[in-house]
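Okay, here's what each chain looks like letter by letter:
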Amino acid sequence: MSRGRYDLSRSEIAELLNGAPRYRVDQVWEGLYRDCSEPDQWTTLPTGLRAVLSEALPRSLVEVLRSVSDDGQTIKYLWELADGHRIETVLMLYPDRATVCVSSQAGCAMACSFCATGQAGFSRHLGVGEIVEQVALARRDAAAMSRRVSNIVFMGMGEPLANTEPVFEACRKIHDDLGISARSITVSTVGVVPGIRALAEFELPVNLAVSLHSADDSSRDPIVPINRRYPLDAVIGACQDYLRQRRRRVSFEWAMISGVNDRAEDAERLADLCRRLEPSAHVNLIPLNPTPGYATVGSALAVVRGFQRRLEDLGVNATIRRNRGTEIDAACGQLAAQAVTIGRRADTNRQTTSSTRPT
Ligand code: SAH
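Basis of the calculations
Residues numbered from 1 in each chain as written. Predicted model: local features only at pLDDT ≥ 70, side-chain atom pairs only at ≥ 80, totals over all residues. Heavy atoms only, no water. Near = heavy atom within 4 Å. Polar contact = N/O pair within 3.5 Å; in protein donor to acceptor, adjacent residues only side chain to side chain. Areas by Shrake-Rupley, 256 points an atom, 1.4 Å probe, with all protein chains shown as cover. Helix = DSSP H or I, 4+ residues; strand = E, 2+ residues; numbered from the N terminus. Axes fitted to C-alpha atoms, helices over the stretch in contact; angles between N-to-C directions. Parallel < 35°, antiparallel > 145°, perpendicular 65-115°, else oblique. Left-handed = near helix turned anticlockwise from the far one by under 90°. Contact = heavy atoms within 4.5 Å. Nonpolar A, V, L, I, M, F, W, Y, C, P; charged D, E, K, R; others polar. Salt bridge = Lys/Arg side-chain N within 4 Å of Asp/Glu carboxyl O. Buried < 20%, exposed > 50% of the residue type's maximum accessible area, 1.4 Å probe, protein only.

Engineer: Please set out the site of the ligand residue by residue, giving values where relevant.
Structural biologist: The ligand sits among 22 residues. The nearest are F114, S188, S211, H213 and N289. Take E159: an N or O atom from its side chain is 3.0 Å from a nitrogen atom of the ligand. A distance of 2.9 Å separates a nitrogen atom of the ligand from a polar backbone atom of N289. Coverage of the ligand by the protein chains reaches 95% of its 540 Å² of free accessible surface. Sorting the residues of the shell around the ligand by element identifies strand 8 (185-189), strand 10 (251-256) and strand 11 (282-287) as the ones contributing at least two each.

Engineer: Tell me about the packing of helix 5 (residues 128-144) against helix 6 (residues 164-176), residues and numbers included.
Structural biologist: At their nearest, the axes of helix 5 and helix 6 sit 8 Å apart, and the two run at 40° to each other. Taken together, helix 5 and helix 6 sit at an angle that is classed as oblique. Judged by the sense of rotation from one axis to the other, the crossing of helix 5 with helix 6 is right-handed. Only P166, V167, E169, A170, K173 and I174 of helix 6 make contact with helix 5, whose side of the interface consists of V128, I131, V132 and V135. Partitioning the contact of helix 5 with helix 6 into residue classes produces eight nonpolar, no polar and two charged.

Engineer: Got a sec to walk through the pattern of salt bridges? Specific residues and values, please.
Structural biologist: The full count for this structure, using the stated rule, is 28 salt bridges. With its nearest N and O atoms 3.4 Å apart, the salt bridge here joins E30 to R34. On the basis of relative accessible area, E30 is assigned to the partly exposed category, the value being 34%. Between D266 and R263 there is a salt bridge, with its nearest N and O atoms 2.9 Å apart.

Structure, rendered in structure tokens:
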């Protein structure tokens with residue numbers, strides 16, 4: 001994996017500038033982390049230096065395709081990495097916040113049956129610069145729409161807690177260098193127990209979300225295979241320790257799958273698990289998004305609402321995740337890094353533009 005411009009520390013940039021005065025280092029740093037722009041736009045620098053920096057500070061991500069939906073409020077980026085692997089990032093604009101959903105791996109080894117990324121398999125871990133650059137480039141576009149990125153979710157492709165070191169270092173840079181509050185960063189895991197334990201030790205108070213989807217081992221095993229290695233008791237135990245150390249509420253994600261995890265007894269078992277955490281976990285219900293490799297359908301919206309009410313009656317807070325970008329395959333579990341999806345829904349909302357290499 002080659003090092004890109006967001007892999008370099010401030011002192012490495014100073015070294016690159018080879019004894020240039022400190023204000024030059026500041027100008028480059030601001031170009032990267034405040035403006036998130038290209039070296040040829042750093043007009044405070046002499047033209048010759050800009051050209052040198054364009055070479056010396058390579059991009060890690062080349063835009064292959066961007067798809068837009070929800071009236072321009074959701075943008076999905078398909079990027080190509082230097083070695084040809086492809087990943088995706090989603091920028092979601094809401095009235096009160098702007099969230100970037102980042103990928104932590106090219107592909108994913110967890111093989112959850114209902115997730116398009118899991119269906120495609122694992123290619124490789126992402127490096128720090130590849131993760132941070134996703135945020136920087138989304139932030140650049142948000143700024144062009146007079147919006148500021150406020151939240152980061154590690155809910156794109158990959159299992160962030162199977163790639164802890166780069167993910168933690170990326171969180172540090174997103175916090176320290178891009179200035180996004182750690183409390184506005186959420187790391188989502190399928191339940192990798194050593195990763196949850198490492199997160200509890202991590203110095204920044206980022207949020208933890210656990211993709212549960214089932215509250216008993218026999219029905220979780222087939223849909224979330226890593227459950228065989230880290231069964232529910234171990235996952236809940238790690239969450240309890242995390243809470244003891246961090247005192248931050250954990251949230252559980254639950255994709256609503258018809259007949260699989262949407263019955264009254266599923267809500268009851270889930271509520272029991274939530275109550276083993278103090279304060280009780282918050283549940284995020286996700287209407288199942290269609291993926292090519294999973295035939296079972298999602299629960300009807302009325303069922304999702306009923307499930308939510310049941311949880312509330314049992315004293316557990318639950319929200320239904322607003323679905324973004326389903327028609328451009330940008331919603332939860334749909335990221336497969338494919339430029340073309342054949343035979344999908346009508347293209348009425350789809351507005352796709354391809355673009356060339358950045359200058
Ligand atoms: N690997 C991490 C990060 C991915 S987050 C994790 O599993 O948490 C993506 C979220 O979308 C996870 O909660 C995942 O379980 C969920 N998801 C996957 N496929 C989905 C689908 N088809 N519909 C709805 N949610 C899905």
